[in-house]
Amino acid sequence: MPASPSSPADLLADLDLPIQRDAPLGPLTWYGVGGHAEVLARPRSTAQLASLVSRCREHSVPLYVLGAGANLLVRDAGVPGVVVKLDDPAWQQLSIDTDAATITVGAGYDLFKLVTQSAKAGLDGLVHIAGIPATVGGALRMNAGGAFGDIGSAVASVQVMAATGQTYTRDRDDLEFKYRKSNIHAPFILEATFQLTPEDPEALMKRLKEIWFYKKTTQPMSEHTAGCCFKNPDSDEQPAADGRGAGQLIDEAGLKGHTVGSATVSDLHANFISASSGGSADDVLTLLDHVATVVQDTHGVSLERELVVWP
C-alpha cells in the first residue's frame, strides 16, 4: 500500500480492481446529467469489495454505491471519494428453485429482468413491481414499489457487507420494510433470496404486461427522469394532505409544465421532473426546491424527497 496516498485512486492502486479516475456519472443515471466521481470502482468479487471498503474506512474516504441510477441525481460539482458500482457478472447471478419457490439473486441484477424471470418460472410475488427501473440492491434499499405493492413483501433474506468489510445475512424476522425505506443500513447489499408462490406462468406474464402498460401510459418513461421526486405525504402526520399523493398536490398547485432552465415538471405525471439532454443538475435541484415551496405555500404540506441527491 502506498505510504502517503495523494488521492483515492492512489489509495486503491494495489488492490487489483478496475478503477476509473474522474469518471462521468451522468451517463450512468437516468437523468443523464451531473458531475464526475473522483474515482469509480468496479470490484469483481466479495474479497475485492471487502478490501476496498476496509481501505476507504481506514483513510476516511467517502463511499457511495451506484445501482441503476434510476432514483439518483448527481450534483454538477461531482462526488468526492469513491463510487462503487456492482455491475460485474459476479454480482448478477440468478438461481431459481421452483420446488422451494425461491429465487436467490445478486444485488447487481436488473430488477425488471428478475421480475420477468420469476413470472416465466411460474413464481408469484414480484410481478407487482414490474416496470420499476432498478438493480435488486437499490430496490431493496429503498423498498421500491408502486400502486400495486413493494419488493419487501417477498424478501426471505438479504446478504450485506458492513463498513468493516464483514459479510453477514439478515433473515426475514430481522428485516423491516416500510414505505420507501428499509432497516438495511449496511453500506452494501450483496444478494437476496425471495420467497414466492407457485402460479400459472401465462397468468403471471399477462399480469406483468398489464402493469407495464399501465405504467407506460401514466408515467413519462421515455423522458430523462428519476421516477417520483417526492414521497406521498402521510395524512396522519400532515392532515392538510387529506389523502392526496405528491403528484396530485403538485398538479393542484398548478405546476405541471413549469420549467427552470433544462428541468421541467412533467405534463403526464406531476411528481416527475425531467431534464433535457445536455442540461444541468442545478436546474433540477432549483425546480425541486421551487415545487416543494409552492406546495407548502398552497396546501400547507411539506414534501419529502424520494429522489436521492449526491453528495
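So, here's what we can say about the structure.

Thresholds, definitions, all that
- Residues numbered from 1 in each chain as written.
- Predicted model: local features only at pLDDT ≥ 70, side-chain atom pairs only at ≥ 80, totals over all residues.
- Heavy atoms only, no water.
- Buried < 20%, exposed > 50% of the residue type's maximum accessible area, 1.4 Å probe, protein only.
- Helix = DSSP H or I, 4+ residues; strand = E, 2+ residues; numbered from the N terminus.
- Pairing = 2+ DSSP bridges.
- 1 Å grid on protein atoms, 1.4 Å probe; cavity = no way out; pocket = protein on both sides within 12 Å on 5 of 7 lines; lining within 4 Å.
- Points joined across faces, edges and corners; volume = space filled by probe spheres on them.
- Contact = heavy atoms within 4.5 Å.
- Axes fitted to C-alpha atoms, helices over the stretch in contact; angles between N-to-C directions.
- Disulfide = S-S within 2.5 Å.
- Phe/Tyr/Trp six-rings, centres within 6.5 Å; stacked < 30°, edge-to-face > 60°.
- Salt bridge = Lys/Arg side-chain N within 4 Å of Asp/Glu carboxyl O.

1. Topic: the pairing of strand E11 (residues 155-161)
Along any regular strand the residues' side chains alternate between the sheet's two faces.
Here comes step 1: Most of E11 sits inside the fold, with 5 of its 7 residues counted as buried.
Here comes step 2: Bridge analysis of E11 against strand E15 (residues 188-195) gives 6 bridges, and the strand direction is antiparallel. Residue pairing for E15: Ser 157 is matched across the bridge by Thr 193.
Here comes step 3: Relative to strand E12 (residues 167-171), E11 is paired through 5 bridges, and the arrangement is antiparallel.

2. Some points on the layout of surface pockets
Here comes step 1: Within this model, the second largest pocket holds a volume of roughly 280 Å³.
Here comes step 2: Residue lining of the second largest pocket: Tyr 179, Lys 181, Lys 231, Asn 232, Pro 233, Asp 234, Glu 237, Gln 238, Ser 302, Leu 303 and Glu 304, and that is the complete set.

3. Details of the sheet that holds strand E18 (residues 263-265)
Here comes step 1: Read across the open sheet, the 3 strands follow the order E17-E18-E19; overall the sheet is antiparallel. At either margin of the open sheet sits one strand with a lone partner, and together these are strand E17 (259-260) and strand E19 (273-275).
Here comes step 2: In the sheet, E18 pairs with E19 via 3 bridges, with the strands oriented antiparallel. Within the sheet, the bridge partner assigned to Thr 264 lies in E19 and is Ser 274.
Here comes step 3: Against the sheet, helix H7 (residues 281-299) contacts E17, E18 and E19, and its axis sits at roughly 30° relative to E18.

4. What to know about the state of the cysteines
Here comes step 1: Summed over the entire model, instances satisfying the criterion amount to 0 disulfides.
Here comes step 2: There is no disulfide at Cys 228, and the cysteine sulfur nearest it, in Cys 229, is 7.7 Å away.
Here comes step 3: Classification of Cys 228 as partly exposed rests on a relative accessible area of 23%.

5. Comments concerning the packing of aromatic side chains
Here comes step 1: Applying the stated criterion across every chain, the model contains 3 aromatic pairs.
Here comes step 2: Seen in terms of ring centroids, Phe 112 and Trp 212 are 5.3 Å apart; in terms of plane orientation they differ by 40°. Their pairing is tilted. Of this pair, Phe 112 sits in helix H3 (residues 111-120) while Trp 212 sits in helix H5 (residues 201-218), placing them 100 residues apart in sequence.
Here comes step 3: A relative accessible area of 33% means that Trp 212 is categorised as partly exposed.
Here comes step 4: Here the aromatic rings of Phe 148 and Tyr 214 are separated by 5.4 Å at their centres, their planes lie at 80°, and the arrangement is edge-to-face. Of this pair, Phe 148 sits in the loop between strand E9 (145-146) and strand E10 (149-150) while Tyr 214 sits in helix H5; the two residues are 66 residues apart in sequence, bridging distant segments of the chain.

6. Some details on the pattern of salt bridges
Pairing between side chains of opposite charge can happen when the charged atoms of each approach one another.
Here comes step 1: Per the counting criterion, the structure on display carries 11 salt bridges.
Here comes step 2: Between Arg 44 and Asp 16 there is a salt bridge, and its shortest N-O distance comes to 3.9 Å. Taken together, the residues Arg 44 in the loop between strand E2 (36-41) and helix H2 (46-58) and Asp 16 in the loop between helix H1 (8-11) and strand E1 (19-24) connect sequence positions 28 residues apart.
Here comes step 3: Given a relative accessible area of 57%, Asp 16 falls into the exposed group.
Here comes step 4: One salt bridge connects Arg 207 with Asp 124, and the closest N-O pair in it is separated by 3.1 Å. A residue pair is termed long-range when its members are at least 10 positions apart, and Arg 207 in helix H5 and Asp 124 in strand E8 (residues 123-124) qualify at 83 residues.
Here comes step 5: Look at Arg 207 and you get partly exposed, because its relative accessible area is 31%.

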